[in-house]
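The chain contents come next:
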Amino acid sequence: MPLFVSADDGASSAISEANDALRRAFEAVLEAERVGANVSGLIVKLNEVGGLLAEAEIAYKNGNFSEAVSKAKECSGLADGVMDEALTLKGKALAMGQNIFWQNLSITLVESAVFLIFLFFVWDWFKRFYSKKLMKMKPEVAVDAED
Amino acid sequence: MLKIDDYKLVFMSAGLIGILLFASPTLSLVLRLPGGEKFSELWILGPEHMAEDYPFNVEAGEEYLVYVGVGNHMGCSAYYVVYVKFRNQNEPLPNATAATPSPLPPLYEYRVFLEDGKTWEAPLTFSFSYVSRFENQCLIEALIINNVTFSIDKSTAWDVNNIGYYYQLLIELWIYNVESEDFVFHNRFVGIWLNMTG
């Protein structure tokens with residue numbers, strides 16, 4: 001039975017794994033960003049990892065498979081680290097976002113209630129003022145224009 | 001003079017407007033308004049970071065410098081791959097109408113992660129080695145990009161109209177699409193023409 005051994009010493013699979021790890025890390029960072037997390041630090045790290053992956057790809061194209069494998073593996077490890085950080089950051093951002101939402105909602109409800117009560121008192125005062133003004137008015141006989 | 005019912009309507013409107021104003025900070029957390037146009041930028045600058053003094057007449061053994069830049073206006077962070085390709089006059093360019101990339105294999109690549117509204121720029125040095133001429137053909141055997149040597153074996157014919165052996169350094173921008181979980185050609189490409197003189 002023939003035994004097939006990859007000519008690139010597993011470099012292509014290592015690069016493929018690194019690629020997947022980096023994509024997963026980016027998607028996790030994107031999710032964290034969507035819930036309002038500050039991802040600037042993670043983007044810097046992703047750029048460092050992306051640089052490593054690009055170096056691995058170039059080493060592979062030039063037939064330097066051992067360098068490609070070593071860089072791709074380093075890339076996978078770092079990308080997994082970034083993904084973990086992104087997930088933690090997302091959790092924190094979600095919790096903070098919920099706090100901010102409830103805080104805002106409470107303030108809005110209190111402000112609206114105070115405003116409506118104030119408006120009700122103004123309306124009540126205005127109604128009395130309007131009635132008083134109406135009572136003070138003297139009836140006048142209008143001149144018929146046709147006469 | 002307005003009737004009391006008319007005044008009532010004015011007060012009710014004022015109440016509604018006031019509530020909307022007070023609720024606007026909370027509403028902004030819930031409602032997502034559509035952003036502006038989403039696009040990315042790709043550029044090449046000369047050695048002085050200006051759109052001038054691009055390398056044109058090139059020769060073997062000399063090193064040339066340009067800067068490649070990307071700008072993200074996609075409304076969120078983006079993952080780009082910038083491919084560097086090298087072509088002669090007869091090889092296909094990307095098709096902007098069909099949004100398809102050049103079928104040429106990329107030689108060098110940059111992987112770039114960018115936040116919305118941010119830009120990235122990196123140097124791109126290149127030089128040529130093993131350049132030969134025979135009859136009306138010019139053959140470049142090796143292209144060195146950022147100190148990495150690529151075997152290209154690319155020949156071009158003498159251009160009678162423009163008087164020279166013309167090649168093009170082509171830069172393509174690809175973007176990672178989260179839905180398809182793959183890179184797609186972003187329909188952005190730039191290039192500089194090079195005349196191999198020596």
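Enquirer: Give me the domain arrangement of chain B: which residues, what numbers.
Expert: Segmenting chain B into domains produces domain 1 (1–33) and domain 2 (39–195). Computed from C-alpha coordinates alone, the two centres of domain 1 of chain B and domain 2 of chain B are separated by 57 Å.

Enquirer: Help me get a handle on the environment of B:Pro103, residues and values and all.
Expert: Residues and elements named next belong to chain B. Within the fold, Pro103 resides in the loop between strand S4 (78–88) and strand S5 (108–114). What makes Pro103 exposed here is its relative accessible area of 62%. The sequence separation of Pro103 and Tyr79 amounts to 24 residues, and the corresponding C-alpha distance is 22 Å.

Enquirer: Talk me through the interface of chain B and chain A; I want residue IDs and the actual numbers.
Expert: The partner chain A presents 37 residues to the 39 residues of chain B that form the contact. Carbon and sulfur atoms supply 68% of the area buried between chain B and chain A, which totals about 3400 Å² over both sides. On the chain B side of the interface with chain A, the three residues burying the most area are B:Phe11, B:Phe22 and B:Phe113, jointly 22% of the side's total. Taken together, chain B and chain A are joined by 3 salt bridges. Here A:Lys61 ties to B:Glu109 by a salt bridge, and the two come within 3.9 Å at their closest N and O atoms. At the surface where chain B touches chain A, the tally comes to 13 residue pairs in polar contact (both at pLDDT 80 or more). Secondary-structure elements contributing two or more residues to the side of chain B that touches chain A are helix H1 (4–30), S4, S5, strand S8 (148–159) and strand S10 (182–196) of chain B. When residues of the side of chain B that touches chain A are assigned to their parent elements, the largest contribution, 14 residues, is made by H1(B). Its residues assigned to classes, the side of chain B that touches chain A shows 26 nonpolar, 5 polar and 8 charged.

Reading the values: rules and limits
One numbering rule holds for all chains: residues counted from 1, following each sequence as written. Written order determines the labels here, with chains lettered from A and ligands numbered from 1. pLDDT decides what is reported in this predicted model: residues at 70 or higher carry local features, side-chain atom pairs at 80 or more are listed and counted, and totals for whole chains, interfaces and linings draw on all residues regardless. For side-chain calculations, the full set of non-hydrogen atoms in the structure is used, while hydrogens and water are omitted. Domain borders in the structure are assigned automatically or taken from a domain database. The secondary structure listing takes helices from DSSP runs of H or I that are at least 4 residues long and strands from runs of E that are at least 2 residues long, numbered from the N terminus. Exposure classes here rest on a 1.4 Å probe applied to the protein chains alone. A residue is buried below 20% of its type maximum, exposed above 50%, and partly exposed in between. Here, residues are in contact when the closest pair of their heavy atoms is within 4.5 Å. By buried area we mean the combined loss of accessible area, with a 1.4 Å probe, across both parts when two parts are placed together. By salt bridge we mean one thing: a side-chain nitrogen of Lys or Arg within 4 Å of a carboxyl oxygen of Asp or Glu. Any pair of nitrogen or oxygen atoms within 3.5 Å is treated as a polar contact; in protein, a donor-acceptor pairing is required on top of that, and neighbouring residues in sequence qualify only through side-chain atoms on both sides. Under this grouping Gly is polar, as are all residues other than the nonpolar Ala, Val, Leu, Ile, Met, Phe, Trp, Tyr, Cys and Pro and the charged Asp, Glu, Lys and Arg.

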